[in-house]
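Fold and geometry: a report
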Amino acid sequence: MSDGADAIFSTLRQSPRGGMPLYLQLRRGIEEAVRSGLIGPGDALPSERDIAAMADISRVTVRKAVQDLVKDGILVQRHGSGTFVASRPERVEQSLSQLTSFTEDMARRGMTVRSQWLERGLYAPSPEEIMVLGLGSGEQVARVERLRIADDTPLAIERASLSARVLPDPAGIGASLYAALQRTANRPVRAVQRISAINLGQTDAHLLGVAPGSASLRIERISYLASGKVVEFTRSVYRGDAYDFVAELRLGLADGDAGGRA
Ligand code: 16G
């Protein structure tokens, strides 16, 4: 990556951004190079000493920037062989026609699932939760917030809200929310999902191990019981570099149109 390296590091030397600490300028430069594809997964970075010389900054500054990027999962360090751009996870294809759970989806692909708890408990609901879940006055909301990890790669952050009547003990759900709902005959049978594009903020990017500003998918799922009552309101963020949502489309005939007419 010597041409790429030259471009990244000499820019810093030639046009320093006044006011911004040097290590941050270097960090941004490397992030930008990864984002734009100037350097790609598996590419080796030059040594600390070479970067320091190219950018005309101290090795301590280089180390700080590199360590920050390693912490965020953008770079990886392999003992004895150097620093590399982290490889991207294999893309996961997710059908949009089945109402399945994360655990089921990953198990079907032979992947091991684990979750890191971000929050779980009973809370006073927000106005949005009251409205979407149709909560009565004084009713609490159960929140289950998890970082979902498949085969050691963080893929999504899911923030689920349910009525406390449906989920009185959010800490006791075990590995799968849908399995817990199934046990109490509250597993949803239908859902409406809204998917939009976002750029990740600092906190979510850090949790997902990608650069802040990375493209990702924001998904809002509202799930219903057979009775038509809303049971789950989940806002998720899925890594844009890891997920393809796939929908099957069929030719639809407009009402009353038997085909053949203009
Ligand atoms: C899926 C759902 C999420 C649901 C979760 C349950 C999307 C975008 N989201 O990830 O709404 O809460 O499955 O998974 O598909 P679990 O049973 O493994 O906890």
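Notes on the structure follow. (Residues numbered from 1 in each chain as written. Predicted model: local features only at pLDDT ≥ 70, side-chain atom pairs only at ≥ 80, totals over all residues. Heavy atoms only, no water.)

1. Section: the overall build of the protein chain
A tally of helices and strands in the protein chain yields eight helices and 10 strands. For 262 residues, the compact-globule estimate of 2.2 N^0.38 gives 18 Å, and the C-alpha radius of gyration of the protein chain, at 23 Å, exceeds that figure by more than 25%. Counting across all 262 residues of the protein chain, residues that qualify as buried make up 43%. In the protein chain, 63% of the contacts between residues at least 6 apart in sequence involve partners at least 24 apart. In the form shown here, the protein chain has an accessible surface area of approximately 14300 Å², with 50% of it arising from carbon and sulfur atoms. (Helix = DSSP H or I, 4+ residues; strand = E, 2+ residues; numbered from the N terminus. Rg over C-alpha atoms; globule rule 2.2 N^0.38 Å. Buried < 20%, exposed > 50% of the residue type's maximum accessible area, 1.4 Å probe, protein only. Contact = heavy atoms within 4.5 Å. Areas by Shrake-Rupley, 256 points an atom, 1.4 Å probe, with all protein chains shown as cover.)

2. Regarding the nonpolar core
Core analysis: the largest hydrophobic core is formed by 22 residues, its most contacted members being Phe9, Leu26, Ile30, Ile39, Leu45, Val62 and Leu75. Among all residues touching isoleucine 30, those that are not within four sequence positions of it are Ile8, Phe9, Ile39, Leu45, Leu69 and Leu75. If you look at the next biggest cluster of nonpolar residues, it comprises 13 residues, including Tyr178, Ala180, Leu181 and Val231. (Core = buried A, V, L, I, M, F, W, Y, C linked by side-chain atoms within 4.5 Å.)

3. Re the packing of helix H3 (residues 48-55) against helix H4 (residues 59-71)
Axis separation between H3 and H4 bottoms out at 9 Å; the angle between their running directions is 115°. In this view, H3 runs roughly perpendicular relative to H4, as classed from their interaxial angle. Relative to H4, H3 is oriented so that their crossing is right-handed. Note on element contacts: H4 touches H3 through Arg59, Val62 and Arg63, opposite Glu48, Arg49, Ile51 and Ala52. Broken down by class, the residue content of the contact of H3 with H4 amounts to three nonpolar, no polar and four charged. (Axes fitted to C-alpha atoms, helices over the stretch in contact; angles between N-to-C directions. Parallel < 35°, antiparallel > 145°, perpendicular 65-115°, else oblique. Left-handed = near helix turned anticlockwise from the far one by under 90°. Nonpolar A, V, L, I, M, F, W, Y, C, P; charged D, E, K, R; others polar.)

4. Focus: the site of the ligand
Taken together, 15 residues are adjacent to the ligand, and Thr103, Glu158, Ser176, Arg221 and Glu232 come closest. One of the side-chain N or O atoms of glutamate 158 is found 2.4 Å from an oxygen atom in the ligand. One of the side-chain nitrogen or oxygen atoms of arginine 221 is found 2.6 Å away from an oxygen atom of the ligand. In isolation the ligand exposes 460 Å². Once the protein is present, 99% of that is buried. Elements with a minimum of two residues in the shell around the ligand: helix H5 (102-108), strand E5 (141-150), helix H7 (177-183), strand E8 (215-224) and strand E9 (230-239). The element contributing the most residues to the shell around the ligand is E9, with three residues. Residue composition of the shell around the ligand, by class: five nonpolar, five polar and five charged. (Near = heavy atom within 4 Å. Polar contact = N/O pair within 3.5 Å; in protein donor to acceptor, adjacent residues only side chain to side chain.)

5. So, the pattern of salt bridges
As enumerated under the stated definition, the model contains 18 salt bridges in all. Between glutamate 158 and arginine 146 there is a salt bridge; the shortest N-O distance is 3.9 Å. Placement of glutamate 158 in strand E6 (residues 153-163) and of arginine 146 in strand E5 is noted, with a sequence separation of 12 residues between them. Both residues of the pair, glutamate 158 and arginine 146, count as buried. We note a salt bridge from arginine 239 to aspartate 241, for which the minimum N-O separation is 2.9 Å. The buried category is assigned to arginine 239, whose relative accessible area is 7%. Several salt bridges converge on common partners, so that one network encompasses Glu128, Glu129, Arg143 and Arg235. (Salt bridge = Lys/Arg side-chain N within 4 Å of Asp/Glu carboxyl O.)

6. Observations concerning the side chain of aspartate 68
Tracing the backbone through its elements, the reader meets aspartate 68 in helix H4. Polar contacts involving the side chain of aspartate 68 include one to the side chain of arginine 27, which spans 3.3 Å. Residue contacts for aspartate 68: discarding those within four places in its chain leaves Tyr23 and Arg27.

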